[in-house]
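# Structural characterization, general
Here is what each chain is made of, one letter per residue.
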Amino acid sequence: MITRPYSYIKYIYPTLIALSLLLLTSCANASGNNTISDSAFYFDTVIQVTLYDKKEQYALDHCMELAERYEHLFSATIPDSDISKINANCGTFVTVSDETLELVQYGIDYSKLSDGRFDITMGELSSLWDYDVDDTGDSDSNASHIPKNSDIKSALLGVDYNNIQIDGNSICLNSDNAAIDLGGIAKGYIADKIKAYLKSENITSGLINLGGNVLTIDTKPDGSSYTIGIQKPFSDDGTPIVSVDIIDKSVVTSGIYQRYFEEDGHIYHHIIDLDTGYPCDNELSSVTIIGDSSTQCDALSTSVFLLGLEAGMDFVESYDNIEAIFITRENELEYSSGMGDLIPYHEYEQ
């Protein structure tokens, strides 16, 4: 029997609540009643932007317009998006926007960097795994299912970033089994683009949250850091297990509790091992990456999770500009060497 203790939407909102408790209370203390915030649902996630001056409402509105634009470029489920056109026309070059070209190139770069553990050509494979509730919202339905092994093997044949060809502003997939899925990197890219726009408008304080991908602009109005909560895995109310204090950085988490269903006591989550085509089965519940670029943090959070605790920690330590928090299946916390000194953190009693 299949059960889904949490749907994706049910996961997002508790996370936002936990973040709001940590962030918006302190923001109110720093800026009185001048804080403004807006949220919307794009790219299968809740996007929330918070600014600290009511005169910046025009910028807040434009952030939502940017999010909508990027969804219509990058989504693999919108038929006329750039990505859908590429996926529907294998063997043919499709002219795309500058932003799509840039993001796909980033995706190729991080696919290479991870030796294919992260690979944006997994679209056929990821489409086989359905983690959503059915139209009735019944969490005890059979809407989610384990794909047939034969279908998984077939989809794995197309997972290879080398199947992407680029010629100017045109992109082509050269395998019928390949399909681009930017879900593992797009939220970070969109967050970076929203931040770049806000800074171009000389906005010096703000918070961007894309379903748990958090990016801050400089400091809070009073010059202090932002406190970002990281959810305790499988907490149904978004209770944080640890928080970090950051200035002008991004915090991105990949966890098995974000999208999953359960069958016969086994959790089938959305972080897919591209060697097997099935959800990764290791000692970790989540990995949080902290760095300057949300695009980088988004891609690396998945790659590092797939590496596991020991190899993932070694990978993080090879970088000067990122730190990480690992949460094991037993809710034990492991930290990269810069945590505490470079990135202050606070653990919470459970």
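Residues numbered from 1 in each chain as written. Predicted model: local features only at pLDDT ≥ 70, side-chain atom pairs only at ≥ 80, totals over all residues. Heavy atoms only, no water.

## Thoughts on the confidence of the model for the protein chain
- Here the protein chain averages 88 in pLDDT, while 87% of its residues score no lower than 70.
- Low pLDDT, under 50, characterises residues 1–31; the stretch is placed with 88 contacts to residues that sit more than four places away or in other chains.
- Low confidence marks residues 133–142, where pLDDT is under 50. Its contacts with residues over four positions away, or in another chain, come to 15 contacts. (pLDDT = per-residue confidence, 0-100. Contact = heavy atoms within 4.5 Å.)

## Digging into the nonpolar core
- Membership of the largest hydrophobic core comes to 67 residues, with the highest contact counts inside it found for Val49, Phe74, Leu182, Leu198, Ile289 and Phe326.
- Looking at this core, the element that brings in the most residues is helix H2 (residues 57–74), giving nine residues.
- If we skip the residues at most four places from it in the chain, Phe326 touches Leu284, Ser286, Val287, Val304, Gly308, Leu309, Gly312, Met313, Val316, Glu332, Leu333 and Glu334.
- Core analysis: the second largest hydrophobic core is formed by 18 residues, Tyr226, Ile228, Val244 and Leu333 among them. (Core = buried A, V, L, I, M, F, W, Y, C linked by side-chain atoms within 4.5 Å. Buried < 20%, exposed > 50% of the residue type's maximum accessible area, 1.4 Å probe, protein only. Helix = DSSP H or I, 4+ residues; strand = E, 2+ residues; numbered from the N terminus.)

## Observations regarding the packing of aromatic side chains
- This model, assessed by the stated rule, comprises twelve aromatic pairs.
- Of the aromatic side chains, those joined through ring pairs into one cluster are Tyr70, Phe74, Tyr106 and Tyr189. (Phe/Tyr/Trp six-rings, centres within 6.5 Å; stacked < 30°, edge-to-face > 60°.)

## A closer look at the sheet that holds strand E5 (residues 164–167)
- Reading across the sheet, the three strands line up as E4-E6-E5 and stay open at both edges, with antiparallel pairing between neighbours. A strand with exactly one partner marks an edge of an open sheet, and here the two such strands are strand E4 (94–95) and E5.
- Two elements, E4 and strand E6 (residues 170–173), share two bridges in a ladder whose sense is antiparallel. Paired with Thr95 across the strands is Ser170, a residue of E6.
- The strands touched by helix H4 (residues 98–113) within the sheet are E5 and E6, with E5 carrying the most contacts at an inclination of about 135 degrees. (Pairing = 2+ DSSP bridges. Axes fitted to C-alpha atoms, helices over the stretch in contact; angles between N-to-C directions.)

## Some words on H2
- End to end, H2 covers 26 Å across 18 residues, agreeing with the expected 26 Å (1.5 Å per residue, within 8%).
- Residues of H2 that are buried: Ala59, Leu60, Cys63, Met64, Leu66, Ala67, Tyr70, Glu71, Leu73 and Phe74.
- Those residues of H2 that are buried lie in contact with strand E2 (36–42), strand E3 (45–51), helix H3 (82–88), H4 and helix H7 (186–200). (Expected span 1.5 Å × (residues − 1).)

## Topic: the pairing of E5
- By the bridge criterion, four bridges tie E5 to E6 in an arrangement that is antiparallel. Across the sheet, the residue bridging to Ile166 is Ile171, located in E6.
- Between E5 and E6, which pair antiparallel one after the other, the connecting turn spans two residues, and Gly168 there sits at a positive phi close to 65 degrees.

## Some thoughts on unusual backbone geometry
- Positive phi outside glycine occurs at Phe43, with the angle close to 50 degrees.
- For Phe43, the location among the structural elements is in the loop between E2 and E3.
- Phi is positive for Asp248, close to 55 degrees, though the residue is something other than glycine.
- The residue Asp248 is located in the loop between strand E10 (240–246) and strand E11 (250–255) in this model.
- The exposure class assigned to Asp248 is partly exposed, which follows from its relative accessible area of 24%.

## Section: the pattern of salt bridges
- By the definition in use, this model includes six salt bridges.
- With a closest N to O distance of 3.5 Å, Asp218 and Lys199 form a salt bridge. Linking Asp218 in strand E8 (residues 213–218) with Lys199 in helix H7, this pair joins segments that are 19 residues apart in sequence.
- A salt bridge links Arg329 to Asp281; its shortest N-O distance comes to 3.9 Å. Here Arg329 is found in the loop between strand E15 (322–328) and strand E16 (333–335), whereas its partner Asp281 is found in the loop between strand E13 (266–269) and strand E14 (284–291), with 48 residues between them in sequence.
- Assessed through its relative accessible area of 34%, Arg329 is described here as partly exposed.
- Asp281 gets classed as exposed once you look at its relative accessible area, which sits at 61%. (Salt bridge = Lys/Arg side-chain N within 4 Å of Asp/Glu carboxyl O.)

## Examining the environment of Pro279
- Examined against the element boundaries, Pro279 turns out to sit in the loop between E13 and E14.
- A relative accessible area of 12% means that Pro279 is categorised as buried.
- If sequence neighbours within four positions are ignored, Pro279 has contacts with Trp129, Tyr268, His269, Ile271, Ile272 and Asp273.

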